[in-house]
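Listed below, chain by chain, are the residues.
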Amino acid sequence: MLSKEFQDVYNIFKMNFYASMCANSKELTMQEAFSLDIIYMLGHPTILEYANYMGISQPNATYKINQMIEKGYLIKEVSKEDKRSYHLEVTNKFLACYRDNDRYIQKILGDIENIFNKDEVELLEKMLRTVQHHMITQGEI
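Numbers given for residues are sequential positions, taken from 1 along each chain in its written order. Local features are withheld for residues below a pLDDT of 70 in this predicted model, meaning they are given only at 70 or higher, and side-chain atom pairs are given and counted only at 80 or more; totals for whole chains, interfaces and linings count all residues. Water and hydrogen atoms were dropped before computing side-chain values, which therefore reflect all heavy atoms in the structure.

Quick look at the confidence of the model for the chain
Spelled out, the test is: The quantity called pLDDT is the predictor's confidence in a given residue, expressed from 0 to 100. The secondary structure listing takes helices from DSSP runs of H or I that are at least 4 residues long and strands from runs of E that are at least 2 residues long, numbered from the N terminus.
Scored by pLDDT, the chain has a mean of 90; 95% of the residues are at 70 or more. The least confident element of the chain is helix α1 (residues 2-24), whose mean pLDDT is 83; the most confident is helix α4 (residues 58-70), at 96.

A few points about the pattern of salt bridges
Defined as follows: Salt bridge, as applied in this entry: a Lys or Arg side-chain nitrogen positioned within 4 Å of an Asp or Glu carboxyl oxygen.
In the structure shown here, the tally under the stated rule is six salt bridges. Here E32 makes a salt bridge to K71, at a shortest N to O gap of 2.8 Å. Note that E32 is positioned in helix α2 (residues 30-42) and K71 in the loop between α4 and β1 (74-78), a separation of 39 residues in sequence. The partner of R84 in a salt bridge is D82, and the shortest N-O contact between them spans 3.0 Å.

Section: the packing of α2 against helix α3 (residues 47-54)
If you want to describe how two helices pack, look at the angle between their axes and the distance between the axes. Condition: To obtain each axis, a line is fitted to C-alpha atoms, and for helices this fit is confined to the stretch in contact; angles are then taken between N-to-C directions over 0 to 180 degrees. Geometric relationships in this document are graded by angle, where less than 35 degrees denotes roughly parallel, more than 145 denotes roughly antiparallel, 65 to 115 denotes roughly perpendicular, and other angles denote oblique. Handedness of a crossing is defined here by the sense of rotation of the near helix relative to the far one, left-handed for an anticlockwise turn of less than a right angle and right-handed for a clockwise turn. Residue contacts follow a heavy-atom distance rule, with two residues in contact if any of their heavy atoms lie within 4.5 Å.
The geometry of α2 relative to α3 is characterised by a closest axis approach of 11 Å and an angle of 120 degrees between their N-to-C directions. What the angle tells us is that α2 and α3 run oblique. The crossing of α2 and α3 is right-handed. Contacts between α2 and α3 pair F34, S35, I38, I39 and L42 from the former with Y50, Y53 and M54 from the latter.

What to know about the nonpolar core
Keep this limit in mind: The nonpolar core is taken to be a set of buried Ala, Val, Leu, Ile, Met, Phe, Trp, Tyr and Cys residues, with the residues joined through side-chain atoms within 4.5 Å. Residue burial is assigned from relative accessible area. The probe radius is 1.4 Å, only protein chains are included, and a residue is buried under 20% of its type maximum, exposed over 50%, and partly exposed in between.
By size, the foremost hydrophobic cluster in this structure holds 19 residues, and its most contacted members are L36, I39, Y50, I65, M68, L74 and L88. When residues of this core are traced back to their parent elements, those giving at least two are α1, α2, α3, α4, β2 (86-90) and α5 (92-115).

Notes on α5
Rule in force here: Take the residue count of a helix, subtract one, and multiply by 1.5 Å to get its expected span.
Under the 1.5 Å per step criterion, the end-to-end length of α5 is 34 Å for 24 residues, consistent within 8% with the ideal 34 Å. Within α5, the full set of buried residues consists of F94, C97, Y98 and N101.

Section: the packing of aromatic side chains
Our working definition: Only the six-membered ring of Trp is used, alongside the rings of Phe and Tyr, when aromatic pairs are assigned; centres must lie within 6.5 Å, and planes under 30 degrees apart are stacked while those over 60 apart are edge-to-face, with the rest tilted. Cation placement over rings: the criterion is NZ of Lys or CZ of Arg within 6 Å of the ring centroid and within 35° of the ring normal.
The final tally for this structure, using the stated rule, is five aromatic pairs. An aromatic cluster of three or more residues is present, and its members are F17, Y40, F94 and Y98. Here K76 stacks its cationic end above the ring of Y86, 4.8 Å away from the centre of that ring.

Take a look at the structure:
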């Protein structure tokens, strides 16, 4: 039961995120929205780090990255450590779309605080911190 409930909530968040990303930008494909989300979460990865995370070749990653650069959602910055390498950074254009998802999350959090009492909200916070810590220490991210 917990598995199904967790998966259902996770799917709603995912669906809302990608739907809002693509609704705000008619030029973004679902795959590009996913890629930009990954790049954002990886925090300035190199092209190779992005390619390895996505399980694609570096030339394929470069092609996809160039498409997102052309659309204005991504920039490449020369690495300070290795001038032959580039770090990827999402642009304000991407962040503007991302903010819609943040507003949705804030709405849901407000709903949680209205539905549950203070002790239940604090318990949920504790449970989420524990799960997050476990995932990090187990190398699951």
